[in-house]
Amino acid sequence: MKSALYLGKESINIADTAIPIPGDNDVVIKNIYSSICGTDAAVYMHGPNTGHRVAVSGEFGHETVSRITAMGKNVTDFRVGQRVYPYPLFAKNDISRAGTLGAFSEYILIPEAKLNHSLYTVPACISDKTACLIEPFTVGFRAARRTQPVIGEKAIVFGCGTIGLAAAIGLKCFGIKKVMLCDVSDFRLSIAEKMGFAVCSIKDIDWHKTTEQYFGTAPSLLDEEADIDIVIDAAGQNTILDFYMKHGKIGSRFVSVAVGQAVRNIDLLHMTYAQQSIIGSGGYVPEDVRDVMDMMVSGTYNIESIITQEFSIENLDKAIRTAADPEHAFNVIIDFAKS
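Residues numbered from 1 in each chain as written. Predicted model: local features only at pLDDT ≥ 70, side-chain atom pairs only at ≥ 80, totals over all residues. Heavy atoms only, no water.

Engineer: Give a detailed account of the overall build of the chain, specifying residues and quantitative values.
Structural biologist: Within the chain, the secondary structure is distributed over ten helices and 18 strands. Relative to the compact-globule value of 20 Å for 339 residues, the chain shows a C-alpha radius of gyration of 21 Å, a close match. Overall, the C-alpha framework of the chain stretches about 65 × 40 × 35 Å when taken along its three principal axes. Going through the 339 residues of the chain one by one, you find that 53% of them count as buried. Of all intrachain contacts in the chain linking residues separated by at least 6 positions in sequence, the fraction that spans at least 24 positions is 70%. For the chain, the exposed area adds up to about 14400 Å²; of that, 50% sits on carbon and sulfur atoms. Treating the 31 positive side-chain charges of the chain as one cloud and the 39 negative ones as another, the clouds have centres 3 Å apart. (Helix = DSSP H or I, 4+ residues; strand = E, 2+ residues; numbered from the N terminus. Rg over C-alpha atoms; globule rule 2.2 N^0.38 Å. Buried < 20%, exposed > 50% of the residue type's maximum accessible area, 1.4 Å probe, protein only. Contact = heavy atoms within 4.5 Å. Areas by Shrake-Rupley, 256 points an atom, 1.4 Å probe, with all protein chains shown as cover. Lys, Arg positive; Asp, Glu negative; His and termini not counted. Charge placed at Lys NZ, Arg CZ, Asp CG, Glu CD.)

Engineer: Break down the sheet that holds strand E1 (residues 2-8) for me, with residues and values.
Structural biologist: The strand order across the open sheet formed by three strands is E2-E1-E4, and the pairing between neighbours is antiparallel. Each having just a single partner strand, strand E2 (11-16) and strand E4 (58-59) make up the two edges of the open sheet. Here E1 runs beside E2; their pairing, made up of six bridges, is antiparallel. Bridging across to E2, Tyr-6 finds its partner in Ile-12. (Pairing = 2+ DSSP bridges.)

Engineer: Account for the packing of helix H1 (residues 38-46) against helix H10 (residues 316-323), naming residues and giving values.
Structural biologist: Two numbers describe how H1 lies on H10: the axes approach to 9 Å, and their chain directions differ by 110°. The pairing of H1 with H10 is recorded here as roughly perpendicular in orientation. For the pair formed by H1 and H10, the contact residues are Asp-40, Ala-41, Tyr-44 and Met-45 on the first element and Asp-317, Ile-320 and Arg-321 on the second. When grouped by side-chain class, the residues that make up the contact of H1 with H10 number four nonpolar, no polar and three charged. (Axes fitted to C-alpha atoms, helices over the stretch in contact; angles between N-to-C directions. Parallel < 35°, antiparallel > 145°, perpendicular 65-115°, else oblique. Nonpolar A, V, L, I, M, F, W, Y, C, P; charged D, E, K, R; others polar.)

Engineer: Lay out the environment of Asp-229 in plain terms, naming residues and giving numbers.
Structural biologist: For Asp-229, the location among the structural elements is in the loop between strand E13 (224-226) and strand E14 (230-233). Look at Asp-229 and you get buried, because its relative accessible area is 12%. Asp-229 sits 79 residues away from Val-150 along the chain, and the two C-alpha atoms are 9.3 Å apart. Asp-229 has contacts with Glu-153, Lys-154, Lys-249, Ser-252 and Arg-253, leaving out every residue within four places of it along the chain. Within the structure, the side chain of Asp-229 is placed 2.8 Å from the side chain of Lys-249, a separation counted as a polar contact. (Polar contact = N/O pair within 3.5 Å; in protein donor to acceptor, adjacent residues only side chain to side chain.)

Engineer: For the packing of helix H3 (residues 134-146) against helix H4 (residues 162-173), give the residues involved together with the corresponding values.
Structural biologist: It is the contact of H3 with H4, at a shortest axis distance of 7 Å, that shows an interaxial angle of 55°. Classed by the angle they form, the pair H3 and H4 counts as oblique. For H3 against H4, the interelement crossing comes out right-handed. Across from Pro-136, Phe-137, Val-139, Gly-140, Phe-141 and Ala-144 in H3, the residues of H4 making contact are Thr-162, Ile-163, Ala-166, Ala-167, Ile-169, Gly-170, Leu-171 and Cys-173. By residue class, the composition of the contact of H3 with H4 is eleven nonpolar, three polar and no charged. (Left-handed = near helix turned anticlockwise from the far one by under 90°.)

Engineer: Quick one: what's the story with H1, residue by residue and with numbers?
Structural biologist: When H1 is considered as a whole, its buried residues turn out to be Thr-39, Asp-40, Ala-41, Ala-42, Val-43 and Tyr-44. Lining the buried residues of H1 we find E1, E2, strand E3 (27-35) and H10.

By themselves, these figures tell us nothing about what the structure is for.
Okay, here's the thing in structure tokens:
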């Protein structure tokens, strides 16, 4: 089989490796489509320790939909040919492997496979391409849930990538009717707008006025500001938290789902008087898988429409470079049927 091995900054080897053989309690799956995560792009473009903990010379990738090709003699909960979503946190029985599942290899060994734990059955009505986005959407839905949404509230999401859009859809599913996405990429904002979201380019010098016009105004600690209850940072720019601290209305919540390494200073006295909350959101839990699959089954959103490019595994280098360009790509996937 072909396996993509990470060799360091801007270096990947597509190697011929042995197809894994399952033990008595194991399952082997063959990937159908795999999606490229922003952390995959980060570790490729910038080197080790800038995305997930990807080991040099190791497999990587973690967003995929697959089909079972072989099983051990003791496995009874699955069948050969069954389409499954491998849950990255538990698929390898090693939570440190969540980002290095092997989604950029043709086959993956799932040791001690367990239904609705390491592998989830994918409903037939969810397309293969949509299903390969289950994992990033669980991250976005977790961020939406962490905002503690209340029906009737209003929300803004900074960062119109896959996670940001997933968070916006999650907020809608949890009863938030007024949601705006903000980004510097007009290309990505145009796709979100076609899906029915209000959008705002923060390249626009008057973008703050745009938010006030859309949401109305409410008291902040120092002035009248946009009436926004929930702010999600899915971009990771330092200025977003600064914006929230300065302009966030009284009683609002800020959730960070973006991967950023900067150490920040927080004015706790300001937060106390403004009754604001800053909340972290990382990863996902099984209830997020359930909610994402329910959303995908409903067909309310055309999830496939955010997939803008497809590549073969042999062209993974080009695929990752493409995914790292927000002006020309939204979500980029690997099609294992291509050669």
